Amino acid sequence: MSPARTTPVVYAVVPVGALDGAKSRLGAVLDAEERHDLVIRLADATIRSAVATPAIAETLVITPDDTVRDLALAAGARPMRQRSRGLNAGLREAREEALAAGATAMLVLPIDLPRVSPAALGAVVDTLAGDGGPLVAIVPDRHGRGTNALLLAPPDIIDLHFGGDSRAAHVAAAAAAGARVVELDGPLSQDLDTPDDLLAAQTDASSPLGG
């Protein structure tokens, strides 16, 4: 008789950098104050979606910004003040916290996903329903180069390689670790980097920026 499967303990990690200068690539269509407000709206929607996802046990928000920390608390997440510099270093800080709290899986969730929702996040977490072995699930960006969401089980199965061609780096690390790799399409493959992305999000009724 095979041993009983245990329910995964999934922690979401939402990294949010300093708000000053965020989304500078949208500077042609948004001024600094508008970009600041946009990032706040995206962060709020992302954090609330993670908190509302039944399969996620807790949401950690790693950030150096006090405004974002307050936003996380109001949404029911746990803020962490980032001590290190850089995205991957901050994610490693949050991973240590998640592991110490008993997480068996970690979902890394950037905030520039305008179609984020509990249903979209639940679809990523559902990939844990396989054989229970090591897993790396990736939602690539629409260009197939970046990583828009990353699920790791266990949380330290691979190192974190966000930036540049992160999809290929995460796939290669997963192969080296002997982990099962799942790549997903869907609403999380749309991100928000360019003015065209912003226009698409603003005309999409399913986006927190649209309607």
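See the structure above.
Residues numbered from 1 in each chain as written. Predicted model: local features only at pLDDT ≥ 70, side-chain atom pairs only at ≥ 80, totals over all residues. Heavy atoms only, no water.

### Concerning the overall build of the chain
Turning to step 1, where the next piece is worked out: Helix and strand content of the chain: six helices and seven strands.
Turning to step 2, where the next piece is worked out: From first element to last, N terminus to C terminus, the chain shows the α and β order β-α-β-α-β-α-β-α-β-β-α-β-α.
Turning to step 3, where the next piece is worked out: The buried share of the chain, taken over its 211 residues, is 47%.
Turning to step 4, where the next piece is worked out: Taking all contacts inside the chain whose residues are at least 6 apart in sequence as the whole, residues at least 24 apart take part in 63%.
Turning to step 5, where the next piece is worked out: Carbon and sulfur atoms form 52% of the exposed surface of the chain, whose accessible area is close to 9700 Å². (Helix = DSSP H or I, 4+ residues; strand = E, 2+ residues; numbered from the N terminus. Buried < 20%, exposed > 50% of the residue type's maximum accessible area, 1.4 Å probe, protein only. Contact = heavy atoms within 4.5 Å. Areas by Shrake-Rupley, 256 points an atom, 1.4 Å probe, with all protein chains shown as cover.)

### Remarks on the sheet that holds strand 3 (residues 78-81)
Turning to step 1, where the next piece is worked out: Overall, mixed pairing links the seven strands, which are arranged 3-2-1-4-6-5-7 in an open sheet. Single-partner strands in this sheet number two, and they are strand 3 and strand 7 (180-183). Neighbour to neighbour, the strand axes of the sheet diverge by 20° on average, direction disregarded.
Turning to step 2, where the next piece is worked out: Pairing between strand 4 (residues 105-108) and strand 6 (residues 147-153): three bridges, direction antiparallel. Paired with Met106 across the strands is Leu152, a residue of strand 6.
Turning to step 3, where the next piece is worked out: Across the sheet, helix 1 (residues 32-51) touches strand 1 (10-15) and strand 2 (56-63), and the angle it forms with strand 2 is around 155°. (Pairing = 2+ DSSP bridges. Axes fitted to C-alpha atoms, helices over the stretch in contact; angles between N-to-C directions.)

### Some thoughts on the pattern of salt bridges
Turning to step 1, where the next piece is worked out: Using the criterion set out here, one finds 10 salt bridges in the structure.
Turning to step 2, where the next piece is worked out: Its salt-bridge partner being Glu58, residue Arg78 comes within 2.9 Å of it at the nearest N-O pair. Within this pair, whereas Arg78 is found in strand 3, its partner Glu58 is found in strand 2, the two being separated by 20 residues in sequence.
Turning to step 3, where the next piece is worked out: With relative accessibility at 25%, the residue Arg78 sits in the partly exposed group.
Turning to step 4, where the next piece is worked out: Taking the shortest distance from any N to any O, the salt bridge between Arg92 and Asp159 comes out at 3.0 Å. Here the residue Arg92 occupies a position in helix 3 (residues 87-100), and Asp159 occupies one in the loop between strand 6 and helix 5 (166-177), the gap between them amounting to 67 residues.
Turning to step 5, where the next piece is worked out: Judged by relative accessible area, which is 32%, Arg92 ranks as partly exposed. (Salt bridge = Lys/Arg side-chain N within 4 Å of Asp/Glu carboxyl O.)

### Points about helix 3
Since there are 3.6 residues in each turn of an α-helix, residues three or four apart along the chain are aligned in direction.
Turning to step 1, where the next piece is worked out: Here helix 3 spans 20 Å end to end across 14 residues, near enough to the 20 Å set by a 1.5 Å rise per residue.
Turning to step 2, where the next piece is worked out: Listed as buried for helix 3 are Asn88, Gly90, Leu91, Ala94, Arg95 and Ala98. Buried residues of helix 3 fall within an arc of 150° about the axis and therefore sit on the same side. The outward face of helix 3, more than 90 degrees from its buried face, is lined by the exposed residues Glu96 and Ala100.
Turning to step 3, where the next piece is worked out: As for helix 3, its buried residues are in contact with strand 1, strand 2, strand 3, strand 4 and strand 6. (Expected span 1.5 Å × (residues − 1). Arc of directions from axis to C-beta.)

### Some thoughts on the pairing of strand 3
Turning to step 1, where the next piece is worked out: Across four bridges, the pairing between strand 2 and strand 3 is parallel. By the bridge assignment, Ile62 is partnered in strand 3 with Met80.

### Description of unusual backbone geometry
Turning to step 1, where the next piece is worked out: For the bond from Ala153 to Pro154, the omega torsion is 0°, close enough to zero to count as cis.
Turning to step 2, where the next piece is worked out: Positionally, Pro154 belongs in the loop between strand 6 and helix 5.

### Looking at the nonpolar core
Turning to step 1, where the next piece is worked out: Leu151 and Leu188 are the most contacted members of the largest nonpolar core, which totals 37 residues.
Turning to step 2, where the next piece is worked out: Elements with a contribution of two residues or more to this core: strand 1, helix 1, strand 2, helix 2 (66-75), strand 4, helix 4 (118-125), strand 5 (135-140) and strand 6.
Turning to step 3, where the next piece is worked out: For this core, the element with the highest residue contribution is helix 1, accounting for six residues.
Turning to step 4, where the next piece is worked out: For Leu188, the residues in contact, after removing those within four places along its chain, are Leu113, Arg115, Val116, Ala120, Leu121, Val124, Val139, Asn148 and Ala149. (Core = buried A, V, L, I, M, F, W, Y, C linked by side-chain atoms within 4.5 Å.)

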